[in-house]
Amino acid sequence: MSDVFMSDGTLLQVSVTASPQAYTTIPGVMNVTPPSRSRKTTDVYVHDVAAAITKTGAYEAMEVSFELAWDPGDAAHTALFTAQDAKTVKYYRIILPSSPTTTMYFSATVSQLEPVTADAEG
């Protein structure tokens, strides 16, 4: 039987140095959706072949989403807004606490932040 991936203990981290990269955990992250993995494909038609030949190319642009229990006084949360304003490409990783630990690395720009959802339940 294969391992079941549990989400408890999953970490989203951002690189705080260039090379070598040192990562720090972004606190308060909830419901992380890792990047999907899909490649570009194109059909190539060759005169002496009856059917199209499908060629597989590079990976498509990916999206990672997560919910954040936003703390306006937290330096890591403030850094997300700063990176968004400056259109800065940062290096991130998601660590899944499975056995063995699985780590996904990617670079990204922050495109959308919604800092506050003020509902009646607090």
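See the structure shown above.
Cut-offs used in this document
- Residues numbered from 1 in each chain as written.
- Predicted model: local features only at pLDDT ≥ 70, side-chain atom pairs only at ≥ 80, totals over all residues.
- Heavy atoms only, no water.
- Patch = residues over 30% accessible without salt bridge, like charges linked within 9 Å, V, L, I, M, F, W, Y side chains within 5 Å.
- Areas by Shrake-Rupley, 256 points an atom, 1.4 Å probe, with all protein chains shown as cover.
- Salt bridge = Lys/Arg side-chain N within 4 Å of Asp/Glu carboxyl O.
- Helix = DSSP H or I, 4+ residues; strand = E, 2+ residues; numbered from the N terminus.
- Expected span 1.5 Å × (residues − 1).
- Buried < 20%, exposed > 50% of the residue type's maximum accessible area, 1.4 Å probe, protein only.
- Arc of directions from axis to C-beta.
- Contact = heavy atoms within 4.5 Å.
- Core = buried A, V, L, I, M, F, W, Y, C linked by side-chain atoms within 4.5 Å.
- Polar contact = N/O pair within 3.5 Å; in protein donor to acceptor, adjacent residues only side chain to side chain.
- Pairing = 2+ DSSP bridges.
- Axes fitted to C-alpha atoms, helices over the stretch in contact; angles between N-to-C directions.

Colleague: Any chance you could break down a nonpolar patch on the surface for me, citing the residues and the numbers?
Modeller: Taken together, Val 44, Val 46, Val 49 and Ile 53 make up a surface patch of nonpolar side chains, about 250 Å² in accessible area. With respect to the element layout, Val 46 can be found in the loop between β4 (39–44) and β5 (53–59).

Colleague: Hey, could you go over helix α1 (residues 75–86) for me, with residue numbers and the actual values?
Modeller: In a regular helix each residue adds 1.5 Å, so 12 residues correspond to 16 Å; α1 covers 16 Å between its end C-alpha atoms and thus fits that length. Within α1 the residues assigned to the buried category are His 77, Leu 80 and Ala 83. Projected down its long axis, α1 shows its buried positions confined to an angular sector of 115°, all on one face. Residues of α1 that are exposed and angled more than 90 degrees away from the buried face: Ala 75 and Asp 85. In this structure, the buried side of α1 is in contact with β6 (65–68) and β7 (90–96). Phi turns positive one or two residues past the end of α1, at Lys 87, with a value near 55°.

Colleague: Summarise the nonpolar core; cite the residues concerned and give the values.
Modeller: Counting 10 residues, the largest nonpolar core is built from Leu 12, Val 14, Ile 26, Leu 80, Ala 83, Tyr 92, Ile 94, Leu 96, Phe 106 and Val 110. Listed by contribution, the elements that provide at least two residues to this core are β1 (11–15), α1 and β7. The element that contributes the greatest number of residues to this core is β7, accounting for three residues. Excluding anything up to four places from it in sequence, Leu 80 contacts Ile 26, Phe 66, Leu 68, Tyr 92, Val 110 and Leu 113.

Colleague: Please provide a residue-by-residue account of unusual backbone geometry, values included.
Modeller: The backbone of Asn 31 sits at a positive phi, close to 50°, despite the residue not being glycine. A relative accessible area of 53% means that Asn 31 is categorised as exposed.

Colleague: How would you explain the environment of Arg 93 if you had to name every residue and give the values?
Modeller: Considering the arrangement of structural elements, one finds Arg 93 in strand β7. A C-alpha to C-alpha distance of 6.0 Å links Arg 93 and Leu 12, two positions 81 residues apart in sequence. Excluding residues within four positions of it along the chain, Arg 93 makes contact with Leu 11, Leu 12, Gln 13, Tyr 23, Thr 103, Met 104, Tyr 105 and Phe 106. A distance of 2.5 Å separates polar atoms of two side chains, one belonging to Arg 93 and the other to Gln 13.

Colleague: I'd love a proper account of the sheet that holds strand β2 (residues 23–25), names of residues and values included.
Modeller: One open sheet accounts for four strands, arranged β2-β1-β7-β8; its pairing is antiparallel. Only two strands of the sheet have a single partner each, and these edge strands are β2 and β8 (102–108). Along the sheet, successive strands turn relative to each other by an average axial angle of 30°, direction set aside. For β1 and β2, the ladder comprises three bridges, and the chain directions are antiparallel. Bridged to Val 14 within β2 is Thr 24.

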